Amino acid sequence: MPSYTVTVATGSQWFAGTDDYIYITLVGTERCSERTLLDKPLYNDFERGAVDSYEVRVKENLGEIVLVKIEKRKYWLHDDWYCRYITVKTPSGDYVEFPCFRWLVQDNEVVLRNGRAHLPQDDKTSLVKQHRTSELKMRRKTYRHVISAHVRIWSEWQPGFPMSIDAERHKDLPRDIQFDSEKGVDFVLNYSKAIENLFVNQFMHMFQSSWSDFADFERIFVKITNTISEYVMKHWKEDFMFGYQFLNGCNPVVIQKCTKLPDKFPVKNEMVAVSLERDLTLQQEIKEGNIYIADYEVLDGICPNCTDPCTKQFLAAPICLLYKNIQNKIMPIAIQLGQIPGKDNPIFLPTDGEYDWLLAKIWVRSADFQHHQTVTHLLRTHLITEMFAIAMYRQLPAVHPAYKLLIPHVRFTIAINTKAREQLICECGIFDKANATGGGGHVQLVQKAMKSLTYRSLCFPDMIKSRGVEKQEELPTYFYRDDGYKVWEATRSFVSDVMSIYYTSDERVQGDDEIQAFVKDVRNFGMQDTEHCEFPKSLKTREELIEYLTIVVFTASAQHAAVNFGQYDWCSWIPNAPSTMRKPPPDKKGLADVKLIIESLPDRGRSSWHLGAVWALSQYQENELYLGMYPDEHFIEKPVKEAMEKFRKQLVEISSTIKNRNEGKRLPYYNMSPDKIPNSVAV
């Protein structure tokens, strides 16, 4: 009588084991086994982290094992179970691997296909075709995202947002995409812990209470040693520090080359001549490529936070002119705090009074903070990655190579975003406590930014080139760009190596109905088919497919890391990144002094909440998986594993290069170092 050895691996995360009954049915090309209970006498089966083996005896050989059906039935109380994989050893000694990596909840069953990736056009038998179809049918019910013809598909959390998952709370999500421990991502709990760890409990309720002077901010600052943040504290007033952050700070995506001064920013040569170092006029400096600009027009018209009737809060939409001096440092040379020029909107200059100039720079830093948090970080990494993730779950079965490639890079993204909508950016959420765009301004800002978000702006080389900052010789200290190029190329090479195994021609891409449905779902539902977004409606070539998948992986990993994990570095010194301003932007020169600046900056309570936020958001997850780490073996093919190993070696080389460059630097840049880039958006 033939016998098959079935090996079952249970997950090692909390509560992964089960005491429920587990049944298995082997499905072969010739016949199926009987439904068999997996149970060993006097043995505690399916414990957390266990790998258990069982014998399944059959009367006749089953042929090639194609599918494995796993069923979980209640023993006493429903006990969820996380199955990592199942391996079947056939009577002939062959091993067949069946990746699972999912939860079985309630009385549930899953049907697994062997681990080899297959495109839909390669499935020939009705058995595997039906399995593929039924899996996607079930997924589309589970991963709903607008109510259309009374069928819940996607959910529009706010009008004009990218579409998101149809779930109001983390606990409403499918179990497979929830965090292992919801407690670990409770924003209220984590912020409270942060405030306690930072020893700022005594200040967190002191709203409307201003600090006495700049040094007073140190009372909530000096508890955690951090090289960059300490350097920022010492040098934040200096122009070189202000300019450097446009290149390598938290928000290194705003600066662009100025080829022509906009009419709304009438800077004259005589205003800035003293700041120019090459004996050239302003127009000549522009022509030589030495002038850059940062324009926060997207903030114009956004309503400031009015949730606290005791504290008026203010926003500005400044424009800042930047100059590359003969030392290749980026220096501010002119700042206008509004978009409409006029007598009540002066252009501030380095030659103005010390505090006039300092206050103007603080206003730019505050605007940059709002832009960073809401546009660069929330919209362009979190929400966009969630959109890709939902489309992936709905349109790509587990056997599809693109699913296997993307699944590690969307891990916990839907969960963290749902938690954010539940506690952080919701009405009366944490965001309202300390941010000038709280109370609905952040919603307006996302809606406005969505109107200029394009597919090409998510492609890293295109995004850099569109701002005219692609040349290393022109901006030699733009490390975000240089490191980003390296990580992008390594990621693109990896994606190409893997996808080329399955897509041997452009026709193979065109003939893949599932990948076309994935791309269409992103465009038609995720982006709501807006024409300006230029997201593709289909993919025609392998190059288009490789670029598309590279964008997804890069956005979820490197781009998010670059704009997230430096927040404590650059934003913990409150005057360098004020989360709100309590006085309106100055409408004339000669008004600013230390007293006005202190009264403009966040009060003690808002400063404490701000500090807790940037500390909590800068922390890596416990047991973080960094770029190139794929412990869940969704792919089993040797060529893919070789591509993974090649990718990891490239990433190690990049990390080493970055480490060597940073040696001895007072301001090391490591936010794009692969050893500090998590695989996915999960914080």
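Residues numbered from 1 in each chain as written. Predicted model: local features only at pLDDT ≥ 70, side-chain atom pairs only at ≥ 80, totals over all residues. Heavy atoms only, no water.

Some details on the overall build of the protein
To keep things clear, this is the line we draw: Put simply, DSSP marks the helices as runs of H or I at least four residues long and the strands as runs of E at least two long, and each gets a number from the N terminus on. Radius of gyration here is computed from C-alpha atoms only, and the compact-globule reference equals 2.2 Å multiplied by the residue count raised to the power 0.38. Charge assignment: positive for Lys and Arg, negative for Asp and Glu; neither His nor the chain ends contribute. For charged residues, the charge sits on one atom: NZ in Lys, CZ in Arg, CG in Asp, CD in Glu.
Regarding its fold elements, the protein presents 20 helices and 15 strands. Computed over C-alpha atoms, the radius of gyration of the protein comes to 28 Å, within 12% of the 26 Å expected from 2.2 N^0.38 for 683 residues, which places it in the range of a compact globule. When its C-alpha atoms are laid out on the principal axes, the protein stretches across 95 × 55 × 55 Å. Looking at the protein, you have 84 positive and 90 negative side-chain charges, and the mean spots of the two groups are 1 Å apart.

Here's the deal with the sheet that holds strand 4 (residues 51-57)
Defined as follows: Any two strands between which DSSP finds at least two bridges are classified as paired. Fitted lines through C-alpha atoms serve as axes, helices being fitted only where they are in contact, and the angles separating the N-to-C directions of these axes extend from 0 to 180 degrees.
The antiparallel open sheet is built from four strands, whose spatial order is 4-1-6-7. Here the strands that pair on one side only, and so sit at the sheet edges, are strand 4 and strand 7 (95-104). Strand-to-strand twist in this sheet, taken as the mean axis angle between neighbours without regard to direction, amounts to 20°. Strand direction decides the pairing type here: strand 1 (residues 3-10) and strand 4, joined by seven bridges, are antiparallel. The residue of strand 4 that forms the bridge with V8 is D52.

Considerations on the side chain of H131
As a reminder of what qualifies: Two residues qualify as a contact provided that any one of their heavy atoms is within 4.5 Å of a heavy atom in the partner residue.
Relative to the helices and strands, H131 resides in helix 1 (residues 126-142). Those residues within four positions of H131 in sequence are excluded, and the remaining contacts are L67, V111, L112 and R113.

Focus on the pairing of strand 7
Counted only if it meets this: Any residue under 20% of the maximum accessible area for its type is buried, any over 50% is exposed, and the rest in between are partly exposed; the area is computed with a 1.4 Å probe on protein chains only.
Within strand 7, eight of the ten residues are buried, which leaves the element mostly enclosed by the surrounding structure. Where strand 6 (residues 81-89) and strand 7 come together, eight bridges link them in antiparallel fashion. Residue pairing for strand 7: C83 is matched across the bridge by R102.

Let's talk about the nonpolar core
For clarity, the cut-off: To define a nonpolar core, start from buried Ala, Val, Leu, Ile, Met, Phe, Trp, Tyr and Cys residues and group those joined through side-chain atoms within 4.5 Å.
Residues F388, Y480, F518 and F535 are the most contacted members of the largest nonpolar core, which totals 163 residues. Considering each element in turn, this core owes the most residues, 21 residues, to helix 7 (residues 354-395). With 25 residues, the next largest nonpolar core counts V6, V8, F46 and V96 among its residues.

What about the pattern of salt bridges?
Worth spelling out the cut-off: What makes a salt bridge here is a side-chain nitrogen of Lys or Arg within 4 Å of a carboxyl oxygen of Asp or Glu, nothing more.
Applying the stated criterion to the full structure yields 35 salt bridges. A salt bridge links E109 to R73; its shortest N-O distance comes to 3.7 Å. Here the residue E109 occupies a position in strand 8 (residues 108-113), and R73 occupies one in strand 5 (residues 65-73), the gap between them amounting to 36 residues. Judged by its relative accessible area of 23%, R73 is partly exposed. For D239, the salt bridge identified is with K361, shortest N-O distance 2.6 Å. Of this pair, D239 sits in helix 4 (residues 239-248) while K361 sits in helix 7, and the two are 122 residues apart along the sequence.

As for unusual backbone geometry
Phi angles above zero are rare outside glycine, and D279 is one such case at about 55°. In this structure, D279 sits in the loop between helix 5 (269-272) and helix 6 (282-288). Phi at F412 takes a positive value of approximately 70°, unusual for a residue other than glycine. Mapped onto the secondary structure, F412 falls in the loop between helix 8 (401-406) and helix 9 (413-424).

Structural notes on the side chain of R113
Applied cut-off: Polar contacts here mean pairs of N or O atoms no more than 3.5 Å apart (in protein, one a potential hydrogen donor and the other a potential acceptor; neighbouring residues in sequence count only if both atoms are side-chain atoms).
Structurally, the position occupied by R113 is in strand 8. Side-chain polar atoms of R113 contact the side chain of D123, separated by 2.5 Å. Here R113 is in contact with V66, L67, F98, P99, H118, D123, V128, H131, R132 and V399, once residues within four sequence places are set aside.

A short note on the packing of helix 7 against helix 9
Put simply, the test is: Roughly parallel covers angles under 35 degrees, roughly antiparallel covers those over 145, roughly perpendicular covers 65 to 115, and oblique covers all other angles. Working rule for handedness: look at the near helix, and if it is turned counterclockwise from the far one by less than a right angle, call the crossing left-handed; if clockwise, right-handed.
Viewed as axis vectors pointing N to C, helix 7 and helix 9 meet at an angle of 130°, and their least axial separation amounts to 9 Å. If you check the angle between helix 7 and helix 9, you find them oblique. Handedness of the helix 7/helix 9 crossing: left-handed. Across the interface between the two elements, H382, L383, T385, E386, A389, I390 and Y393 from helix 7 touch T413, I414, I416, N417 and R421 from helix 9.

Here we look at a nonpolar patch on the surface
Where we set the bar: In this scheme, patches are assembled from residues that exceed 30% relative accessible area and form no salt bridge. Like charges are connected within 9 Å, while nonpolar side chains (Val, Leu, Ile, Met, Phe, Trp, Tyr) are connected within 5 Å. All accessible areas in this document rest on Shrake-Rupley with a 1.4 Å probe, and a residue is counted as covered only by the protein chains that are shown.
Together, Y21, L37, Y75, W76 and L77 give the surface a local cluster of nonpolar side chains, amounting to about 610 Å² of exposed area. Note that L77 resides in the loop between strand 5 and strand 6.

Observations concerning the environment of H634
Relative to the elements of secondary structure, H634 occurs in the loop between helix 19 (604-617) and helix 20 (638-662). Apart from residues no more than four positions distant in its own chain, H634 is found in contact with P99, F101, G115, K404 and I407.

Here we look at the packing of aromatic side chains
Under the convention used in this document: Between the rings of Phe, Tyr and Trp (Trp by its six-membered ring), a pair exists once the centres lie within 6.5 Å; its type follows the angle of the planes, with under 30 degrees stacked, over 60 edge-to-face, and the other angles tilted. In this analysis the charged atom, NZ for Lys or CZ for Arg, is taken to sit over a ring once it is within 6 Å of the ring centre and within 35 degrees of the ring normal.
As enumerated under the stated definition, the model contains 27 aromatic pairs in all. What links up through ring pairs into an aromatic cluster is the set F460, Y478, Y480, Y485, W488 and F554. Lying over the aromatic face of Y43, K40 brings its terminal NZ or CZ to 4.3 Å of the ring centre. When the ring centre of Y54 is taken as reference, the NZ or CZ atom of K40 above it lies at 5.2 Å.

Some points on helix 7
Heads up, the rule is: Every helix has an expected span of 1.5 Å times one less than the residues it contains. Here the bend at a residue is taken as the angle between two axes, fitted respectively to the seven residues that end there and the seven that start there.
Here helix 7 spans 58 Å end to end across 42 residues, near enough to the 62 Å set by a 1.5 Å rise per residue. Of all the bends found along helix 7, the most pronounced is centred on L378 and spans about 45°. For helix 7, the buried fraction is high: 40 of the 42 residues fall into the buried class.

A few points about the confidence of the model for the protein
Low pLDDT marks regions whose predicted coordinates should not be analysed in detail. Heads up, the condition is: Looking at any residue, its pLDDT shows the predictor's confidence there, from 0 to 100.
Mean pLDDT over the protein: 92, with 93% of residues reaching 70 or higher. With pLDDT under 50 throughout, residues 146-152 is counted as low confidence; its partners more than four residues away or in other chains account for ten contacts.

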